[in-house]
Amino acid sequence: MWAFTQNCFGDIAAIEWCHIFNNYKDHTHFTQLFGRSDLPPTNGDFSLDAVRTRIWTAGGFTENTFSVFREEMRTFRDRWVAHRDATVKDIVFPNIDKAMSTCFEMRDVLREFVSDILTGCLNQKKMDLKYLLETYNNSFIRRQYEREASQLKRAQ
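Since this is a predicted model, take the numbers as computed values, not measurements.

## Remarks on the side chain of Asn138
Piece 1. Counting through the fold element by element, Asn138 comes out in helix H6 (residues 138-155).
Piece 2. Within polar-contact distance, the side chain of Asn138 engages the side chain of Arg107 at 3.3 Å.
Piece 3. Beyond its immediate sequence surroundings of up to four residues, Asn138 is in contact with Phe104, Glu105, Arg107 and Asp108.

Structure below.
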């Protein structure tokens, strides 16, 4: 059961990762947000190049290795997760740690971006949103994962 559960989480991770980092035309792809001219001005560098560099650096990628990884994720999603291609003999499970690193960095970028936009706002709802973004950061999320993992280990 544990192997099946892990595989299910891996399948979902591949699907969701592809929503953000795979198809440049998708409205959920990160390039659809950063670099737009209609966004409010910020103090930080949230240009498309700066964001892309942060994502690549977080995953330990160069432009070429990111392209290869992106293709691995897409192939895994298309041939195994979405369609269960029975002709595939050797499933290559993408490096989920690299995928997680890119997702955490994207989450940091988004948190910093929104926080930057909301700096100086007096509107209570916007201040509450800024507080949530700053409090429930990646360090908080990682601590939650570690706690859940240790509970699972004890339950075995």
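## Concerning the pattern of salt bridges
Piece 1. In this structure the tally under the stated criterion is 8 salt bridges.
Piece 2. Note that Asp38 is salt-bridged to Arg36, the shortest N-O span being 2.7 Å.
Piece 3. Looking at Asp38, the relative accessible area reads 53%, which means it is exposed.
Piece 4. Under the relative-accessibility criterion, Arg36 is labelled partly exposed at 40%.
Piece 5. Measuring nitrogen to oxygen at the nearest pair gives 3.2 Å for the salt bridge that ties Asp108 to Arg111. Residue Asp108 and its partner Arg111 are both found in helix H4 (residues 96-118); the two are separated by 3 residues, about one turn of the helix. Residues Asp108 and Arg111 agree in their burial class; the two are buried.

The rules behind the values
- Residues numbered from 1 in each chain as written.
- Predicted model: local features only at pLDDT ≥ 70, side-chain atom pairs only at ≥ 80, totals over all residues.
- Heavy atoms only, no water.
- Helix = DSSP H or I, 4+ residues; strand = E, 2+ residues; numbered from the N terminus.
- Polar contact = N/O pair within 3.5 Å; in protein donor to acceptor, adjacent residues only side chain to side chain.
- Contact = heavy atoms within 4.5 Å.
- Salt bridge = Lys/Arg side-chain N within 4 Å of Asp/Glu carboxyl O.
- Buried < 20%, exposed > 50% of the residue type's maximum accessible area, 1.4 Å probe, protein only.

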